[in-house]
Every structure is written in structure tokens, then in C-alpha cells.
Amino acid sequence: MRIKVEELIGMINAIDSTLDITMTTNGVLLRDKAQLLKDAGLKRINISLDTLNMERFTRSRGAISSAAPYGGIQAAREAGLWPIKLNMVVMKGHNDDEVVDFARLARDGGLRGPLH
């Protein structure tokens, strides 16, 4: 996510506020940016994750908070970004053991999106 992506969203929204502005993110900064993005004119969001496993997530993202995916999803919901689409790319030997967990999160959390 760009550092001041909310400013870019705001500029696009200023051109035509009827546009259905959507973005895709890995959710890492979404906890801090969700309300700013909504206020700038973002309508909905796609969250693309490789894993829900906190150890794997932290290992792949370095020192970033292991709660980032869940916190980002919750922040997007609270900000009123809707629908929230959850994307997963299944990779054999990496995250294929998490398909059911992703499906459960999408179903139980009222999220949308097929697993790819």
C-alpha cells in the first residue's frame, strides 16, 4: 500500500464521486488506513492473503504485526468498506493446508470471494 494512498483515492474521487473505487491490498497497513481510505472515497476492498497462519504471515512479512490480516479485515468492516473480498492463491506445500480455514473465515465473517 502506498504511503499516502488515501490522497490518491481522494483525488480520483474528486474527479467523479460516483466512481466505484476499489483496491486490492495484502492488508498489512489496512488497520491504520481503512477509515482514511473510506473517507477519501474508497467504496470496497479486496484483501489478498497467502496465509492466515500467524507464524507464516510474520515470517513472510518480517517484523510486521502478526495480527495484521485480522485487524485489517476488522478495520475495513468497521470503516464501512463493503463488500470485502478475500483472495487466496493456493500453493501446494505452502498454504494448501489452509483452504478450509480461508473458506471458514469468508463464510463466518460474511466476506466474499472465491479461492483461486
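Look above for the structure.
Residues numbered from 1 in each chain as written. Predicted model: local features only at pLDDT ≥ 70, side-chain atom pairs only at ≥ 80, totals over all residues. Heavy atoms only, no water.

J.: How would you summarise the overall build of the protein chain if you had to cite specific residues and measurements?
T.: If you tally the helices and strands in the protein chain, you get five helices and three strands. Listed by position from the N terminus, the elements making up the protein chain come as α-β-α-β-α-α-β-α. Taken over 116 residues, the protein chain has a buried fraction of 38%. The long-range fraction of contacts in the protein chain, counting pairs at least 24 apart against all pairs at least 6 apart in sequence, stands at 63%. Accessible surface, the protein chain: about 6500 Å² in total, of which carbon and sulfur atoms supply 54%. (Helix = DSSP H or I, 4+ residues; strand = E, 2+ residues; numbered from the N terminus. Buried < 20%, exposed > 50% of the residue type's maximum accessible area, 1.4 Å probe, protein only. Contact = heavy atoms within 4.5 Å. Areas by Shrake-Rupley, 256 points an atom, 1.4 Å probe, with all protein chains shown as cover.)

J.: Please give an account of the nonpolar core that cites residues and values.
T.: A general trend in soluble globular proteins is that nonpolar side chains are found buried together. Counting residues in hydrophobic clusters, the biggest one holds 27 residues, and the most contacted among them are Leu42, Ile45, Ile47 and Leu86. Every element with two or more residues in this core is listed here: α1 (5-15), α2 (30-40), β2 (44-49), α4 (68-79), β3 (84-88) and α5 (99-108). Those residues within four positions of isoleucine 47 in sequence are excluded, and the remaining contacts are Thr25, Asn26, Gly27, Leu30, Ile73, Ile84, Lys85, Leu86 and Asn87. (Core = buried A, V, L, I, M, F, W, Y, C linked by side-chain atoms within 4.5 Å.)

J.: An account of the side chain of asparagine 46 is needed here, citing residue identities and associated values.
T.: If you trace the backbone, asparagine 46 turns up in strand β2. With relative accessibility at 16%, the residue asparagine 46 sits in the buried group. Here threonine 24 takes part through its side chain, which lies 3.2 Å from a polar atom of the side chain of asparagine 46. The contacts of asparagine 46, once residues within four sequence positions are left out, are Thr22, Met23, Thr24, Thr25, Lys85 and Asn87. (Polar contact = N/O pair within 3.5 Å; in protein donor to acceptor, adjacent residues only side chain to side chain.)

J.: Tell me about the sheet that holds β3, residues and numbers included.
T.: Note on sheets: strands pair through backbone hydrogen bonds, and any given pair is parallel or antiparallel. Across the sheet, which stays open at both edges, the three strands sit in the order β1-β2-β3 with parallel pairing between neighbours. The strands lining the two open edges of the sheet, one partner per strand, are β1 (22-25) and β3. Recorded for the sheet is a direction-independent mean angle of 20 degrees between the axes of neighbouring strands. (Pairing = 2+ DSSP bridges. Axes fitted to C-alpha atoms, helices over the stretch in contact; angles between N-to-C directions.)

J.: Hey, could you go over the packing of α1 against α2 for me, with residue numbers and the actual values?
T.: For the pair α1 and α2, interaxial distance at closest approach is 8 Å and the crossing angle is 15 degrees. Between α1 and α2, the angle is such that the two are roughly parallel. Taken as a pair, α1 and α2 cross one another with a handedness that is right-handed. Here Val5, Glu6, Ile9, Gly10 and Asn13 of α1 lie close against α2, whose contacting residues are Lys33, Leu36, Leu37 and Ala40. Here the contact of α1 with α2 is composed, by residue class, of five nonpolar, two polar and two charged. (Parallel < 35°, antiparallel > 145°, perpendicular 65-115°, else oblique. Left-handed = near helix turned anticlockwise from the far one by under 90°. Nonpolar A, V, L, I, M, F, W, Y, C, P; charged D, E, K, R; others polar.)

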